Structures are given as C-alpha cells and as structure tokens.
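# Summary of structural features
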Amino acid sequence: MTVAPDHLWRHFTPAGAAPIVIDRAEGCHIYDTEGNRYLDALAALYCVNIGYGPYPEIAEAARAQLERLPFFTNWVGFATPPALELTEKLSDLVPIDVGRIFLVSGGSEAVEAALKVARQYHRLRGEPTRYKYITRRSAYHGTTMGAISINGSPSLRAQFEPLLPGCLRAPMPYRYRCPYCSDKSACTLRCADEVDDIIRNEDPSTVAAVIMEPVQNSAGSIVPPEGYFQRIREICDAHGVLLVADEVICGFGRVGDWFGTTRYGIEPDMMTMAKGLTSAYAPLGALVASTKVIEPFFSDPKTMLIHGITFGGHPLSCAIALANLEVFERDDLIGHVREMTPLFREEFGRLADEHPMIGDLRGDGCFYSFELVKDKQTKATFTPAERDELIKTFFVPRARELGVYMRVDDRAETAAQFSPPLVSGREELDEFLGVFRQVLDEAYERFV
Ligand SMILES: Cc1ncc(COP(=O)(O)O)c(C=O)c1O
C-alpha cells in the first residue's frame, strides 16, 4: 500500500520526526508499511487490551449495528439499545453503587464530564463555592482544556495558560524518591495526608473533587501503598469532597482486575474510563456516577446535567464495547493477567536487580515501569539534555529497530514501560526482555 504525503498533523509529534505508518496488526504485533514487524509493548497507547486478534465476532457486531442503526443520539431524551445494554453491563462490573453512566468518546471527555458533574453537583446541593480540583503531580488526565488544567505536568500546561483556576496538586505516593518516607521501611501515608493539608489550607468549602488514577501512569506506574486510597477516602468524606478514580488506563484488566478500584479496594464517587472499554476498536469513554452523585440531578424532574457530546455513546462504539467485554469474559483475560503477574514480577525483578541502569521497578498486573538511573547507589538521574538524547534519539528508536514498540516516559524521571496487550504471555515477555536488555546494555555503555 502506498501512502501519499502528508497532511496528517500527528499528536505529540516533533516537527522533525520521521513518520512511521502502521498498516496492519495481529495478536500482539504491529506491521508498518515497509513490512517491519514490532512487538507492541504499549498496547498502542495502553488501550488495545485484547490485542489485535483478529476477532471476527467484533467485526460482526460492528457490521450488524451499522446495518440496523448506524447512529442515533443519547441527547434530549433519546437512547439506543447498545448504549442501554452497555451501561447495564458496566453497572454490574464496577464496584460502586451506580446511579447513572454518562457516555462520551474518549478519556479526556470522560474527565471533562467528571469535572463538570462535580461542580454542578455542589451547586445543586447549595454549595456553589466548591470549584477546585486536586490531582497529583505529574499525573496525566488528558489534553482538552479542563483535563489539561488538572494535569500535573507543567510542560504540558505551559503553552495554554491561563487555564481553569483552582487546580491544585498533591504529591504522588512515590516510594523511590519520596521526600517523606523513602528512607523508612514502609510508607507513612504522609503523601495522602498532604491532600488533607491542601484542602484545609484552601478552605474545604472551595474544593469540589479529588481526581486520581489507581496506578498513576505518568512518572511510571506509581502503585498506591497499602491504605493510601482508604486514607484519601476518609479525607474526602471529612471535607465533603468527591473522589474520582480515573480508570482510563487501569480499567479493563490492566492492573489484573476489572478496575484499579476493584484491585485496590477504592471507593470512588465517580469513575472515568475509556481505552480498554472497547480495547480501542472504536472510540468510547464513560463517566460512572454513584447514586450519591446523581441524587441532586434526579431529585427534581426539571433538573439536568448541562453537558452533551454528539458522538458520546455512539451505538457502533457501544456494540463494539459489548463484543469486547464478551471476549474479556469468554477468554478470561483478567484471569490470564493474574496468572502472568508473578512471572512478570519475577523476570522484571531479576532484571532490575542485575542491571546497573535500573533504579526502581514499579507496577502491577500487565503494567510496569523501570526507572532508569545513572547510578543505582545514589539514584543519580539524567540531566534534561541527557534525557532527551537517551530517550528520543537512542532508546525508543533503537528498541524499534530491534523490533519492539515501547515507551520511555519522561514526564517526571525516566521510566521505561511495559504495558502490552493483556493477551501477552511468556513468548511476548521473552521477546520484550531480549530487546530491552540489549538496549539497556547499549544505553549504559553510551550514557553512563
Ligand atoms: C489516566 C488518563 N486519563 C485520561 C486520558 C485521556 O484520554 P484520551 O487520550 O482518550 O482523551 C488518558 C490518556 O492517556 C489517561 O492516561
């Protein structure tokens, strides 16, 4: 297939980057138009959870839906059968007492919906001064103006200021470099208590919601320590603040359970989800709101959430989501991730112990990060210039050259990631490790 040049404005792509055109895929592998084959160690963008199949049953579900009803809206009183069926299905899967589920087209839109629902919820309850949001440093929650406002990476926000006022950031539970407790034998949860301090300092009557991923991706698979989210829940309850779990990455098997909330016993008021909901076979996102959250929206028949997205809950996407969830259940993908987790931990743990450039290994389920350092003993890290050179010029292109598509996250420290399709097994692990080890060795020679 020839690909004509080139009016496509790629996302987060430097002007000088050479385009790579991915043309087809199968299982856990993608193929470019030059015929090169790569292991997809990132599930595209943490989203092709069931892998690339092929799954004829999903194609069939899509075809049947397109023939029956290609589109109708969820606005102004309408709904479609797949949207209704999907929201019933999700209500059974999530661990919260579901009030309503608002369907959108992706993760940023799910986060936008959460931000708006939180503010309108407080207004409807007679607390219009609650407008502030608390997230964690480095955290990524999307790129639309609301989502970028709560984003924890200064470099992602800088070009777009002024953003939403009242977006505050708490520290991450980052044991490896924690200023409070990295020298202690266990986490003291001081990082969680900081959320309490921030709310008190801001005046609790101004704070609308705390929004956190169960395992934070940006900064490299930051897993919650024991008791962390229970403490966050207590703090939110004490101050009348809503807790939102951003499940856009963690949801649908990534951390070895249906959701991060089920994996870590979190009790959020709302959950945002996207990506694995359809395994990215079609764009779809969702905001799940508890009965507590929807109460003021539904206690008066004239009240409504002032929000709508034309394609939100598109019937094609919902039909594909339902077929995707059937694959999850039929093939017991969550069980498969649980079965693989000890092997991932063992193999990655051994590599982390052995390799002088791996300072820390973090992660869970099918979601791991290796924090790269110059010196394991001192935890010395790279300068911004070295980091740029290491990641952009060397590590990621070299891995690709050797047949692995992967990411090295640099929004905080430098973290190489493994987050492949959930169907990955021993074979994919070995393929990844062979290339990763080689690139690490070469990087160590060059940069340390
Ligand atoms: C935790 C989290 N929230 C929200 C988003 C935004 O999702 P989308 O890119 O679908 O808008 C992402 C995207 O990676 C994410 O990782």
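### Quick look at the domain arrangement of the protein
Splitting the protein by domain gives domain 1 (22-53 + 332-447) and domain 2 (59-330). Centre-to-centre, using C-alpha coordinates, domain 1 lies 26 Å away from domain 2. Between domain 1 and domain 2, the contact holds 40 residues from the first and 35 residues from the second. Counting across the domain 1 and domain 2 interface gives 3 salt bridges. One can count 27 residue pairs in polar contact (both at pLDDT 80 or more) joining domain 1 with domain 2. Looking at the side of domain 1 that touches domain 2, the elements with two or more residues in it are α1 (43-46), α12 (333-354), β11 (358-364), β12 (367-372), β14 (407-409) and β15 (415-418). Counted by class, the side of domain 1 that touches domain 2 contains 18 nonpolar, 10 polar and 12 charged residues.

### Some words on the site of the ligand
Taken together, G106, G107, S108, Y140, H141, G142, E213, D246, V248, I249 and K275 form the complete shell of residues around the ligand. In the model, an oxygen atom of the ligand is placed 2.6 Å from a nitrogen or oxygen of the S108 side chain. One of the side-chain N or O atoms of D246 is found 2.7 Å from a nitrogen atom in the ligand. Computed on the free molecule, the ligand has an accessible area of 390 Å², of which 80% lies beneath the protein chains in the complex.

### What about the pairing of β15?
Residues of β15 alternate between two faces, with A415 and Q417 on one and A416 and F418 on the opposite face, all of them buried. Of the strand pairs in this sheet, β12 and β15 are connected by 4 bridges, and their pairing is antiparallel. Each bridged residue has a counterpart across the sheet, and for E371 the counterpart in β15 is A415. Pairing analysis gives 3 bridges linking β14 to β15, with the strands arranged antiparallel. Looking across to β15, one finds that R407 is bridged to Q417. Adjacent in sequence and paired antiparallel, β14 and β15 are bridged by 5 residues.

### Let's talk about the pairing of strand β5 (residues 132-136)
Taking burial as the measure, the 5 residues of β5 include 5 buried ones, the bulk of the element. The two faces of β5 match: K132, I134 and R136 on one face and Y133 and T135 on the other face are all buried. For β5 and strand β7 (residues 207-212), the ladder comprises 3 bridges, and the chain directions are parallel. Each bridged residue has a counterpart across the sheet, and for Y133 the counterpart in β7 is A209. Relative to strand β6 (residues 167-170), β5 runs parallel, the two being bridged by 4 bridges.

### A word on the sheet that holds β5
Strand order across the open sheet formed by 7 strands is β4-β10-β9-β8-β7-β5-β6, with mixed pairing between neighbours. Taken across any chain shown, the strands that pair with only one partner, and hence form the sheet edges, are β4 (98-104) and β6. Strand after strand, the sheet turns through a mean of 20° between neighbouring axes, direction not considered. Sheet strands touched by helix α3 (residues 81-93): β4, β9 (270-273) and β10 (285-290). Its angle to β4, the strand with the most contacts, is close to 130°. Lying over the sheet, helix α8 (residues 228-239) contacts β5, β7 and β8 (242-246), oriented at roughly 170° with respect to β7.

### Quick look at a nonpolar patch on the surface
On the surface, F72, W75, V76 and F78 cluster together into a nonpolar patch covering about 430 Å² of accessible area. On the secondary structure map, F72 appears in the loop between α2 (56-68) and α3.

### Things to note about the packing of aromatic side chains
Evaluation of the coordinates by the stated rule reveals 19 aromatic pairs. Arranged with centres 6.1 Å apart and planes meeting at 10°, the rings of F344 and F348 form a pair that is stacked. Pair noted here: F344 and F348 are both in helix α12, with a separation of 4 residues, about one helical turn. We note that F344, like F348, is buried. Taken together, the ring pairs connect F344, F348, Y368, F370, F395, F418, F432 and F436 into an aromatic cluster. Between the NZ or CZ atom of R190 and the centre of the ring of Y180, over which it lies, the distance is 5.6 Å. The cationic tip of K379 hangs over the ring face of Y176; the distance from NZ or CZ to the ring centre is 4.4 Å.

### A look at the nonpolar core
Ranked by internal contacts, the top residues of the largest apolar core, which has 72 residues, are L86, F395 and F432. Split by domain, the residues of this core number at least three in each of domain 1 (22-53 + 332-447) and domain 2 (59-330). Among all residues touching F395, those that are not within four sequence positions of it are L372, L390, M406, V408, F436, V439, L440 and A443.

Thresholds applied
- Residues numbered from 1 in each chain as written.
- Predicted model: local features only at pLDDT ≥ 70, side-chain atom pairs only at ≥ 80, totals over all residues.
- Heavy atoms only, no water.
- Domains from an automatic or database assignment.
- Contact = heavy atoms within 4.5 Å.
- Salt bridge = Lys/Arg side-chain N within 4 Å of Asp/Glu carboxyl O.
- Polar contact = N/O pair within 3.5 Å; in protein donor to acceptor, adjacent residues only side chain to side chain.
- Helix = DSSP H or I, 4+ residues; strand = E, 2+ residues; numbered from the N terminus.
- Nonpolar A, V, L, I, M, F, W, Y, C, P; charged D, E, K, R; others polar.
- Near = heavy atom within 4 Å.
- Areas by Shrake-Rupley, 256 points an atom, 1.4 Å probe, with all protein chains shown as cover.
- Buried < 20%, exposed > 50% of the residue type's maximum accessible area, 1.4 Å probe, protein only.
- Pairing = 2+ DSSP bridges.
- Axes fitted to C-alpha atoms, helices over the stretch in contact; angles between N-to-C directions.
- Patch = residues over 30% accessible without salt bridge, like charges linked within 9 Å, V, L, I, M, F, W, Y side chains within 5 Å.
- Phe/Tyr/Trp six-rings, centres within 6.5 Å; stacked < 30°, edge-to-face > 60°.
- Lys NZ or Arg CZ within 6 Å of the ring centre and 35° of its normal.
- Core = buried A, V, L, I, M, F, W, Y, C linked by side-chain atoms within 4.5 Å.

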